[in-house]
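Survey of secondary and tertiary structure
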Amino acid sequence: MAGRAGVSHMTVARFLRGDRVRPENHEKIERAIAELGYRFNDTASELASRQPSRIGALVFEVDDWAPQRLLAGAAEAARETGHILEMIRADVRDPASFDTALLMMNRASLAGVVILSPPDPVLKRMDLGSLQTPWMIEVEPHIPEGHPQALQHPISQAVEHLARLGHERFFFLGGPSEWASGRNRETAYRATVASLGLENCGVTRGPWGAQNGYQSMQSFPHDLRPTALVAASDQIALGAMAWMHEREISIPGSLSITGYDGLRDAAFYSPPLTTVSIDFEAMGRRAVQALLAGEGVGSGPSLDQYPFDGELVPRASTAPPA
């Protein structure tokens, strides 16, 4: 390549490392790369520079919307800094897979590892101290009961929206308590209902999926006559809406319902679902950027610095109570 470009081998080496070269030489090398059809070899580059170009992403429930978006954001941030993101998956139902994942990460040549949205049992079981590369955790920090941060959680926007419409009696369809995000959404719901002087008619808990929403509606407190449902995820809301459709319960004529996550398909539910949209891609990007900057390495985010950001998206599933 140096001969084709008419520059020294040292100049080509500097170019391939990403170092600055003179503009005229930069153009010559790029032209030679195009003419020769040269392809970069990351493994060879790592061996030559001793600088790993890969970042590991330890993930769990990748079939769900939020982890997918977290992973997409992390991959984008890695690419922007010249890294490749390698996904390593562990099964939350198989503790042996945690040890396998740690072994794989230690055997690989990684610049670092981001652990994306792990549930509590994973964090308790995994020996993260045995990782031989820098690591950090992207997960919601736990919000204790009575903490002022609960009223800043995005799910509060859903409760406040329903309250502005005139709803006073609420029912909450919660997520899994073994996930900090599941506990936080329930904590924030309870705190917001109490702060606004509203009535909490009940709370359920279960997995993130639509089946949970459908089954949780079996315990709907008809005698308390709630008019507003707050679901901990859009998928949970979908299951609850299916239960209501089967019983010809009008949405929002009889019951208003909100979701959480900002699932794109929620705009096509029947009726379109009011939700709180969360920028999960930004969370993934922040995790990789913090790792590469050496911020928060060896730990997770702190409650006082965590950005609980979200945006209410009003749609036809909510209206004033009949």
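Residues numbered from 1 in each chain as written. Predicted model: local features only at pLDDT ≥ 70, side-chain atom pairs only at ≥ 80, totals over all residues. Heavy atoms only, no water.

Quick look at the side chain of Thr 274 now. Structurally, Thr 274 is set in the loop between strand E8 (256-258) and strand E9 (275-277). A polar contact is formed between the side chain of Thr 274 and the backbone nitrogen of Arg 315, at a distance of 2.7 Å. A polar contact is formed between the side chain of Thr 274 and the side chain of Thr 318, at a distance of 2.9 Å. When residues no more than four places from it in sequence are discounted, the contact partners of Thr 274 are His 161, Ile 257, Thr 258, Gly 259, Leu 312, Val 313, Pro 314, Arg 315, Ala 316, Ser 317 and Thr 318. (Helix = DSSP H or I, 4+ residues; strand = E, 2+ residues; numbered from the N terminus. Polar contact = N/O pair within 3.5 Å; in protein donor to acceptor, adjacent residues only side chain to side chain. Contact = heavy atoms within 4.5 Å.)

What follows covers the pattern of salt bridges. This model, assessed by the stated rule, comprises eleven salt bridges. For Arg 205, the salt bridge goes to Glu 186, with nearest N and O atoms at 2.8 Å. Taken together, the residues Arg 205 in the loop between strand E6 (199-204) and helix H10 (210-216) and Glu 186 in helix H9 (residues 180-195) connect sequence positions 19 residues apart. Measuring nitrogen to oxygen at the nearest pair gives 3.3 Å for the salt bridge that ties Glu 246 to Arg 247. Overall, the relative accessible area of 38% leaves Arg 247 in the partly exposed class. Linked by salt bridges that have partners in common, Arg 69, Arg 264 and Glu 281 make up one network. (Salt bridge = Lys/Arg side-chain N within 4 Å of Asp/Glu carboxyl O. Buried < 20%, exposed > 50% of the residue type's maximum accessible area, 1.4 Å probe, protein only.)

Turning our attention to the side chain of Asn 212. Its location among the elements puts Asn 212 in helix H10. Take Asn 212: its relative accessible area is 6%, and that puts it in the buried class. Only 3.0 Å separates the side chain of Asn 212 from the backbone oxygen of Gly 174, close enough to count as a polar contact. Asn 212 has contacts with Gly 174, Arg 205, Gly 206, Pro 207 and Ile 236, leaving out every residue within four places of it along the chain.

The next thing to look at is the sheet that holds strand E5 (residues 169-173). Taken in spatial order, the four strands line up as E6-E5-E7-E8 in an open sheet, and their pairing is parallel. Edge positions in the open sheet fall to E6 and E8, since each of these has one partner strand only. Neighbouring strand axes in the sheet, compared pairwise and without regard to direction, differ in orientation by 20° on average. The sheet strands contacting helix H8 (residues 155-165) are E5, strand E7 (228-231) and E8, and the helix crosses E7 at an angle near 170°. (Pairing = 2+ DSSP bridges. Axes fitted to C-alpha atoms, helices over the stretch in contact; angles between N-to-C directions.)

Here the focus is the sheet that holds strand E4 (residues 135-138). Taken in spatial order, the four strands of this open sheet run E2-E1-E3-E4, and their pairing is parallel. Both edges of this open sheet fall to strand E2 (84-89) and E4, since each of them pairs with a single strand only. Averaged over all neighbouring strand pairs, the angle between strand axes comes to 25°, with direction disregarded. In the sheet, strand E3 (residues 112-116) pairs with E4 via four bridges, with the strands oriented parallel. The residue of E4 that forms the bridge with Ile 115 is Ile 137. Contacts from helix H6 (residues 96-107) reach strand E1 (54-59), E2 and E3 within the one sheet, and its direction differs from that of E2 by about 155°.

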